[in-house]
Amino acid sequence: KKKREKKKKDERKGEKISNSRDSPPVRLKKPRKARTAFTDHQLAQLERSFERQKYLSVQDRMELAASLNLTDTQVKTWYQNRRTKWKRQTAVGLELLAEAGNYSALQRMFPSPYFYPQSLVSNLDPGAALYLYQRPANNPPPPGISALN
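None of the values given here were measured: they were computed from a predicted structure.

*Asks:* Which residues make up the pattern of salt bridges, and what values do they have?
*Replies:* Opposite charge on two side chains makes pairing possible when the charged atoms of those side chains draw close. A full pass over the atoms with the stated rule returns 2 salt bridges. A salt bridge links Arg82 to Glu47; the nearest nitrogen and oxygen atoms lie 3.0 Å apart. Remark: Glu47 occurs in helix 2 (residues 40-52) and Arg82 occurs in helix 4 (residues 72-99); sequence separation between them is 35 residues. Among the residues examined, Arg82 registers a relative accessible area of 12% and is labelled buried. Judged by relative accessible area, which is 28%, Glu47 ranks as partly exposed. Across the pair Asp72 and Arg61 runs a salt bridge, and its minimum N-O distance is 2.8 Å.

Structure below.
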């Protein structure tokens, strides 16, 4: 009975221990890989690459990983994390500009109405959202919005 209690306790911790009566033996949990400490050079190259393209093709990712002596997975994970940071910063920037009523600055910074997902501007006031998503870049702003610039 004590062996069963110990086994249950170990299983709750995420470890599975097998004894001679168990079949087949259960593998122990694989230890987690240590966090990658990127060098300054690697970070600079990754950031430069990210400024040029927010998404990498498989081929580009493999080439970048090889040039930086990183694994494909490390580059892929870095890009995923960096895009998340970029989207969060973009949303905060949009919010601040909209709160200030600076719609012309919004249009200059984000000229393409389809580039950013709606979720990034969902907290904007309706005027800013309409300005970004429904007005082509070469048309004048609707009356009332230009007065807020």
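This is not the end of the story, as more comes after the structure.
*Asks:* Outline unusual backbone geometry, listing residues and values.
*Replies:* Of note in this structure, Asn69 is not a glycine but carries a positive phi near 60°. Among the structural elements, Asn69 can be located in the loop between helix 3 (58-68) and helix 4.

*Asks:* Any details on helix 2? Residues and values, ideally.
*Replies:* With 13 residues, helix 2 should reach 18 Å at 1.5 Å per residue; the first-to-last C-alpha distance of 19 Å fits that figure. Within the span of helix 2, buried status applies to Gln42, Leu46, Ser49 and Phe50. All buried residues of helix 2 lie within an arc of 100° about the axis, which places them on one face of the element. Away from its buried face, by an angle of more than 90 degrees, helix 2 presents the exposed residues Asp40, His41, Glu51 and Arg52. Elements in contact with the buried residues of helix 2: helix 3 and helix 4.

The rules behind the values
- Residues numbered from 1 in each chain as written.
- Predicted model: local features only at pLDDT ≥ 70, side-chain atom pairs only at ≥ 80, totals over all residues.
- Heavy atoms only, no water.
- Salt bridge = Lys/Arg side-chain N within 4 Å of Asp/Glu carboxyl O.
- Helix = DSSP H or I, 4+ residues; strand = E, 2+ residues; numbered from the N terminus.
- Buried < 20%, exposed > 50% of the residue type's maximum accessible area, 1.4 Å probe, protein only.
- Expected span 1.5 Å × (residues − 1).
- Arc of directions from axis to C-beta.
- Contact = heavy atoms within 4.5 Å.

None of this, on its own, says anything about what the molecule does.
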